[in-house]
Amino acid sequence: MGRGFDVLSAVADVVAEGRPATVSEIATMLGRERSQVSRSLAALDKQGYITRGAGRGYDLAWSWYATAQELTAHRMHQHGLAVLDDLATTVGEAAFLGVLQGSTTLTVLESLPPTTRMIGSWIGRSYPAYCSDAGRATLWDASDDEVRAVFSSTTFRAQGPNTPGSVDDLLVRLRADRERGYCIVDQEAEPGLYSVAAPVWDFRQEVVAAIQVVGAYSDMVGRTEKCGDACAQAAAALSELLGAR
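Before going into details, it helps to say that this report is about the structure given with it. (Residues numbered from 1 in each chain as written. Predicted model: local features only at pLDDT ≥ 70, side-chain atom pairs only at ≥ 80, totals over all residues. Heavy atoms only, no water.)

**Some words on the nonpolar core**
- Counting 28 residues, the largest nonpolar core has L87, L97, V200 and I211 as the members making the most contacts within it.
- When contributions to this core are tallied by element, the ones reaching two or more residues are α4 (62–91), β3 (94–101), β4 (104–111), β7 (193–201), β8 (207–216) and α9 (224–241).
- When sequence neighbours within four positions are dropped, the list of residues in contact with L97 reads M76, L84, L106, T107, V108, L109, V200, A209, A210, I211, Q212 and L238.
- Counting 20 residues, the second-largest nonpolar core is a separate cluster that includes W122, C131, V167 and A189. (Core = buried A, V, L, I, M, F, W, Y, C linked by side-chain atoms within 4.5 Å. Buried < 20%, exposed > 50% of the residue type's maximum accessible area, 1.4 Å probe, protein only. Helix = DSSP H or I, 4+ residues; strand = E, 2+ residues; numbered from the N terminus. Contact = heavy atoms within 4.5 Å.)

**Side note on unusual backbone geometry**
- One non-glycine residue, Q187, lies in the positive phi region at around 55 degrees.
- Mapped onto the fold, Q187 is located in the loop between β6 (183–186) and β7.

**Points about the packing of aromatic side chains**
- Enumeration over the complete set of coordinates arrives at 5 aromatic pairs.
- Between Y194 and Y217, the ring centres sit 5.7 Å apart and the planes meet at 75 degrees, which makes this aromatic pair edge-to-face. Taken together, the residues span a long stretch of sequence, with Y194 in strand β7 and Y217 in helix α8 (residues 217–220) at a distance of 23 residues.
- By relative accessible area, which is 4% here, Y194 ends up buried.
- Members of the aromatic cluster, connected to one another through ring pairs, are F96, W122 and Y127.
- Between the NZ or CZ atom of R180 and the centre of the ring of Y182, over which it lies, the distance is 5.8 Å. (Phe/Tyr/Trp six-rings, centres within 6.5 Å; stacked < 30°, edge-to-face > 60°. Lys NZ or Arg CZ within 6 Å of the ring centre and 35° of its normal.)

**Details of the environment of Q187**
- Relative accessible area serves as the criterion here: at 17%, Q187 is assigned to the buried category.
- Note: C-alpha distance between Q187 and S103 (84 residues apart in sequence) is 19 Å.
- The residues touching Q187, leaving out its near neighbours within four places in the chain, are G160, P161, N162, T163, G192, L193 and Y217.

**A few points about helix α7 (residues 167–180)**
- Taking 1.5 Å per residue as the helical rise, α7 with its 14 residues ought to reach 20 Å, and the 20 Å between its terminal C-alpha atoms agrees with that figure.
- Every buried residue of α7 is accounted for by V167, L170, L171, L174 and D177. The buried residues of α7 occupy one face: seen down the axis, they fall within an arc of 115 degrees. Looking at α7, the residues exposed on the side facing more than 90 degrees away from the buried face are V172 and E179. (Expected span 1.5 Å × (residues − 1). Arc of directions from axis to C-beta.)

**Thoughts on the packing of helix α2 (residues 23–30) against helix α3 (residues 34–46)**
- Their axes nearest at 9 Å, the elements α2 and α3 cross at an angle of 115 degrees. Here α2 lies roughly perpendicular to α3, going by the angle between them. Both α2 and α3 take part in a crossing whose hand is right-handed. Contacts between α2 and α3 pair V23, S24, I26 and A27 from the former with R34, V37, S38 and L41 from the latter.
- Taken together, the residues of the contact of α2 with α3 break down into 5 nonpolar, 2 polar and 1 charged. (Axes fitted to C-alpha atoms, helices over the stretch in contact; angles between N-to-C directions. Parallel < 35°, antiparallel > 145°, perpendicular 65-115°, else oblique. Left-handed = near helix turned anticlockwise from the far one by under 90°. Nonpolar A, V, L, I, M, F, W, Y, C, P; charged D, E, K, R; others polar.)

**Details of the sheet that holds β6**
- The antiparallel open sheet is built from 6 strands, whose spatial order is β5-β4-β3-β8-β7-β6. Of all the strands in the sheet, just β5 (126–128) and β6 have a single pairing partner and so form its edges. Within this sheet the neighbouring strands show an average axis-to-axis angle of 30 degrees, counted without direction.
- Those strands touched by α9 are β3, β6, β7 and β8, and its axis lies near 25 degrees from that of β7. (Pairing = 2+ DSSP bridges.)

Rendered as structure tokens:
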């Protein structure tokens, strides 16, 4: 059993690099005989843990990806609130966790410190991603073509005085965010609302969510760097808990 899991782990390491795993490669990695590794791979294939392609390579079975995604979602909710609580306490502003759904973002977790002026809960509320802090952060790892595809049917309507006017405008802001290390959304979603956001990564090295700090423009604009750095650190902490490297 132990040797079988060693072989399975080696397959996962190779697959993570974007190619199927061969018997020779796994044998070299583990310092074992090809025949021994071949038997282990055949047994794992028979049990449904891996699959053999048309060539000689092996890949992980899809059930592993589904299980991993379920575990990621569970950990994000399990650990996310504690991360948000620490962040909200540090900056004294409301902190949120949002995810991308099509061309909109959805708030799934929140932490509201006693000092916040926000009324009511944002959980379950959606915003157009083109003017949302979480929208920009969740598109952090997307190519320009992928961003254009997300908003291919979107009309960029003004929600605040600084709402992006087009997908090209949005891309310019997203590039500046990446260089800075966090997003700044200055009265784009609504007048007087100011926020910073940072991406949350998972074990696949893909962005799965965003952490945001949101408050009034007058309260936050002078503390942008402090709030942005704290937000980025919180997102990195949650990413580590989700298996990001």
